[in-house]
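What follows is each chain in one-letter form.
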Amino acid sequence: MPDAIWIQAAVGGLFGLLVGSFLNVVIYRLPKMMERQWAAECAEFTGQPAPEQERFNIVVPRSRCQQCGHQIRWYENIPVLSYLFLGGKCSACKTRISPRYPLVEIATGALFLYCVWRWGWTWTAAAWCGFAATLVALTLIDWDTTLLPDDLTLPLLWSGLLAALLGWTSVPVDSAIWGAVAGYLSLWLVYWAFKLTTGKEGMGYGDFKLFAALGAWFGWQALVPIALMASVIGAVVGLGMKAMSALREGGVVPFGPFLALGGLTAMLFGPQSILRVIGL
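If you're wondering where the values come from, they're calculated on a predicted model, not measured in any experiment.

Calculation criteria
- Residues numbered from 1 in each chain as written.
- Predicted model: local features only at pLDDT ≥ 70, side-chain atom pairs only at ≥ 80, totals over all residues.
- Heavy atoms only, no water.
- Salt bridge = Lys/Arg side-chain N within 4 Å of Asp/Glu carboxyl O.
- Helix = DSSP H or I, 4+ residues; strand = E, 2+ residues; numbered from the N terminus.
- Buried < 20%, exposed > 50% of the residue type's maximum accessible area, 1.4 Å probe, protein only.
- Phe/Tyr/Trp six-rings, centres within 6.5 Å; stacked < 30°, edge-to-face > 60°.

J.: I would appreciate a short explanation of the pattern of salt bridges in the present structure.
T.: Any two side chains of opposite charge can pair, so long as their charged atoms come close to each other. Evaluation of the coordinates by the stated rule reveals 4 salt bridges. Measuring nitrogen to oxygen at the nearest pair gives 2.7 Å for the salt bridge that ties aspartate 144 to arginine 100. Residue aspartate 144 is located in helix α4 (residues 123–145), and its partner arginine 100 is located in helix α3 (residues 100–119); the two are separated by 44 residues in the primary sequence. Judged by relative accessible area, aspartate 144 falls into the partly exposed class, the value being 39%. Of the residues examined, arginine 100 reaches a relative accessible area of 30% and is grouped as partly exposed. Glutamate 201 is the partner of lysine 195 in a salt bridge, and the nearest nitrogen-oxygen pair spans 3.5 Å. With a relative accessible area of 25%, lysine 195 lands in the partly exposed category.

Right, dumping it as structure tokens:
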């Protein structure tokens, strides 16, 4: 039986590598799709002709080198292996490919492996794999753009409630519902308290929706541990970036990535373990 679990986990990890490759596409393209949509809406609002643009979505056009336009062939898009085989460079122009691409694939594969190892070949494992994949995408999109797209946060919220309803998580339905409500309202209150006090916006509405989604997946009791873990991770990263003079203009560090990492920590170790780790 233990051998069977590890075989299943390995298959899950391989599938996670493929999903990680797809997430790289989502992380890069979804913000650009949003920008194009905003540009079209602004043009429509002002009565201007919509800018002519090539068809662009998650599927079209085919993946290509951002430097020279070389279309990536199927054998150049095998998770991790293609990066190693190509030496981390485009096969056409030899421009360096960011190591973040294989790291996203490896991280997603490891998370999928863990989910299948822990929950077996079940709907529960599938649900948590989807949860983990969505948080990986949200982490990097928010880090790159300070955006948390509704296209990801809202499905994450509703799927958490659905998973509780179907019994795919150990969270009672009422706890999931109140978790979503409390998650949204808590950060909404923090946002307005900060804005009324300083006149500045300390976070975006996407953070409210993401925290609501985490409340749906873990229940209202987990919100405090997740928020504390997110704050600890954010403080460590922020201080490190400040020490290395790596803060972006205005010293802005998005909170969404740390909320997402807090959620992944809760999935891996449990919300109560977070409290023990930080001494509470």
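Back to the text.
J.: Explanation requested: the packing of aromatic side chains in the structure shown.
T.: Describing an aromatic ring pair means giving the distance of the ring centres and the angle of the ring planes. All chains considered together, the criterion is met by 19 aromatic pairs. Aromatic side chains tryptophan 128 and phenylalanine 218 sit 5.3 Å apart centroid to centroid with 40° between the ring planes, which places their arrangement in the tilted category. With a gap of 90 residues between them, tryptophan 128 in helix α4 and phenylalanine 218 in helix α7 (residues 205–218) connect regions that are remote in the sequence. As far as burial versus exposure is concerned, tryptophan 128 and phenylalanine 218 are alike and both buried. On the numbers, 6.5 Å between centres and 65° between planes, the contact of tryptophan 188 with tryptophan 192 is edge-to-face. Of this pair, tryptophan 188 and tryptophan 192 both sit in helix α6 (residues 173–198), 4 residues apart, roughly one helical turn.

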